[in-house]
Every structure is written in structure tokens, then in C-alpha cells.
Amino acid sequence: MDYQHLSTLLWREQELLDLLLFKAEEKQYLILTGKTRWLARIAHEIEVVLDQLRTLEVERAAATEAIAVKLGLGANPSLRQVADAAPAPWNDLFAKHHEALLVLVTDLRSLSDANRELIEGGLAAIGDALLSVKTPNAGTYGSTGRTDDGSHRAVTLDGAL
């Protein structure tokens with residue numbers, strides 16, 4: 001059984017999740033400082049890391065499935081189930097991988113939620129600001145030669161009345 005291969009994949013997944021957490025914190029910094037110029041770039045960098053994670057997840061699932069079959073586990077077992085069934089010292093190592101991954105995912109979720117709230121708050125503030133802005137009226141000149149601010153409307157009289 002290739003426990004070492006699975007462990008290596010789990011280390012790589014932790015590294016990518018840690019990098020994703022760093023990128024999410026960078027994004028938060030850019031949002032808070034108003035440096036929106038770089039948001040598209042950081043979004044692209046986050047997407048690259050997510051693509052790497054998706055690829056790694058497929059490989060990890062295959063490695064986990066191969067070990068699960070040999071351990072007599074059902075299809076698609078969780079990492080916790082593999083850790084419980086694996087022999088020492090792998091059971092302890094897989095349990096530690098599981099705990100580390102849970103911490104990283106929890107941190108990512110809370111940071112992602114915070115970033116979403118910041119963006120939504122910023123969009124709401126922009127919307128409110130746009131609604132409160134009244135375009136200035138250029139005005140026209142009236143019959144006296146003075147500027148007319150548009151507060152009076154033109155009236156047409158019918159001479160036949």
C-alpha cells in the first residue's frame with residue numbers, strides 16, 4: 001500500500017490551501033486599502049491555485065480509494081476513516097493531516113465570508129452614493145436674460161381662450 005504517496009499528496013494539499021489563504025488575505029488587504037486595480041490579478045492568482053487544488057484532489061481521491069480497498073473500507077472513504085483504519089504510524093500522520101486540513105478550510109471559509117461582506121458593503125456604499133448624487137442642471141436663459149435654474153416650467157397659452 002502506498003501510504004507515503006497519499007501523505008505526500010496531503011502535504012501538497014496543505015501547501016496549496018495555505019497559499020490560497022495567503023491570497024485571500026492579500027485580496028482582503030487590497031479591498032480594505034482601496035487598491036482595486038490589483039483585484040483582477042489576485043482573482044486570477046486565486047483561480048490558478050484553485051485549479052491546482054482540483055487536479056490534486058482527483059489524484060488524492062484515487063490514492064485514497066486504492067488504500068481504502070486494501071484496508072477493506074467502503075467506496076469514497078473520508079480521510080478520517082482512512083486514518084482510523086490505517087496501521088501505525090500512518091494512522092497518526094493521517095489524523096494530523098485531517099486536523100490541519102480542517103483548520104485551513106475553516107480559516108479559508110471565514111476569510112472568504114469576510115471578503116464577501118466587504119465587497120457587498122462597498123457595492124452598497126457605491127450604490128447609495130450614486131443615488132444621492134444629483135446631476136447639476138445646466139439651466140437656460142429666460143426672457144429677462146438671466147439664468148433660469150429650471151425650477152419653473154414653461155407654459156404655453158392658447159390665445160383662443
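Data block above holds the structure.
Residues numbered from 1 in each chain as written. Predicted model: local features only at pLDDT ≥ 70, side-chain atom pairs only at ≥ 80, totals over all residues. Heavy atoms only, no water.

Caption draft 1: Up close: the overall build of the chain. A tally of regular secondary structure across the chain gives 4 helices and 2 strands. What you see in the chain, going N to C, is helices and strands ordered as α-α-α-α-β-β. Expressed as a percentage of the 161 residues in the chain, the buried residues total 25%. In the chain, the proportion of contacts linking residues at least 24 apart, taken out of those at least 6 apart, comes to 59%. (Helix = DSSP H or I, 4+ residues; strand = E, 2+ residues; numbered from the N terminus. Buried < 20%, exposed > 50% of the residue type's maximum accessible area, 1.4 Å probe, protein only. Contact = heavy atoms within 4.5 Å.)

Caption draft 2: Spatial organisation of the pattern of salt bridges. Throughout the structure, instances matching the rule amount to 11 salt bridges. Linking Arg60 and Glu13 is a salt bridge whose minimum nitrogen-to-oxygen distance equals 2.7 Å. With a gap of 47 residues between them, Arg60 in helix 2 (residues 39–71) and Glu13 in helix 1 (residues 3–33) connect regions that are remote in the sequence. Comparing Arg60 with Glu13 shows no difference in burial state: the two are buried. Measuring nitrogen to oxygen at the nearest pair gives 2.7 Å for the salt bridge that ties Glu45 to Lys23. (Salt bridge = Lys/Arg side-chain N within 4 Å of Asp/Glu carboxyl O.)

Caption draft 3: Region of the structure containing the packing of aromatic side chains. What the rule picks out here adds up to 3 aromatic pairs. A centroid spacing of 5.7 Å and a plane angle of 20 degrees characterise the contact between Tyr3 and Trp90, whose relative ring orientation is stacked. Of this pair, Tyr3 sits in helix 1 while Trp90 sits in helix 4 (residues 90–132); the two residues are 87 residues apart in sequence, bridging distant segments of the chain. For Tyr3, a relative accessible area of 8% gives the class buried. An aromatic cluster is defined as three or more aromatic residues linked by ring pairs; in this entry it consists of Tyr3, Trp90 and Phe94. (Phe/Tyr/Trp six-rings, centres within 6.5 Å; stacked < 30°, edge-to-face > 60°.)

Caption draft 4: Region of the structure containing the packing of helix 1 against helix 2. The geometry of helix 1 relative to helix 2 is characterised by a closest axis approach of 9 Å and an angle of 160 degrees between their N-to-C directions. Compared by their axis directions, helix 1 and helix 2 come out roughly antiparallel. Regarding helix 1 and helix 2, the two cross each other, and that crossing is left-handed. Its residues placed into classes, the contact of helix 1 with helix 2 shows 21 nonpolar, 3 polar and 9 charged. (Axes fitted to C-alpha atoms, helices over the stretch in contact; angles between N-to-C directions. Parallel < 35°, antiparallel > 145°, perpendicular 65-115°, else oblique. Left-handed = near helix turned anticlockwise from the far one by under 90°. Nonpolar A, V, L, I, M, F, W, Y, C, P; charged D, E, K, R; others polar.)

Caption draft 5: Summary view of the side chain of His97. Within the secondary structure, His97 sits in helix 4. Classification of His97 as buried rests on a relative accessible area of 1%. Among residues more than four places away in sequence, those in contact with His97 are Ser7, Leu10, Trp11, Gln14 and Leu79.

Caption draft 6: The side chain of Gln28, seen in detail. As for its position among the elements, Gln28 is in helix 1. Not counting the four nearest positions on each side in its chain, Gln28 is found in contact with Leu111, Ala114, Asn115 and Leu118.

Caption draft 7: Region of the structure containing the environment of Ala61. Assignment of secondary structure puts Ala61 in helix 2. For the pair Ala61 and Leu6, spaced 55 residues apart in sequence, the C-alpha separation works out to 9.2 Å.

Caption draft 8: Quick look at unusual backbone geometry. Residue Pro89 is bonded to the preceding Ala88 through a cis peptide linkage, with omega at 0 degrees. Considering the arrangement of structural elements, one finds Pro89 in the loop between helix 3 (79–85) and helix 4. For Asn76, which is not glycine, the phi torsion reads 55 degrees and is therefore positive.

Caption draft 9: Layout of helix 2. Along its 33 residues, helix 2 runs 46 Å from first to last C-alpha, staying within 8% of the 48 Å computed at 1.5 Å per residue. In this structure, the buried residues of helix 2 make contact with helix 1 and helix 3. Of the residues flanking the end of helix 2, it is Gly72, one or two places downstream, whose phi is positive at about 80 degrees. (Expected span 1.5 Å × (residues − 1).)

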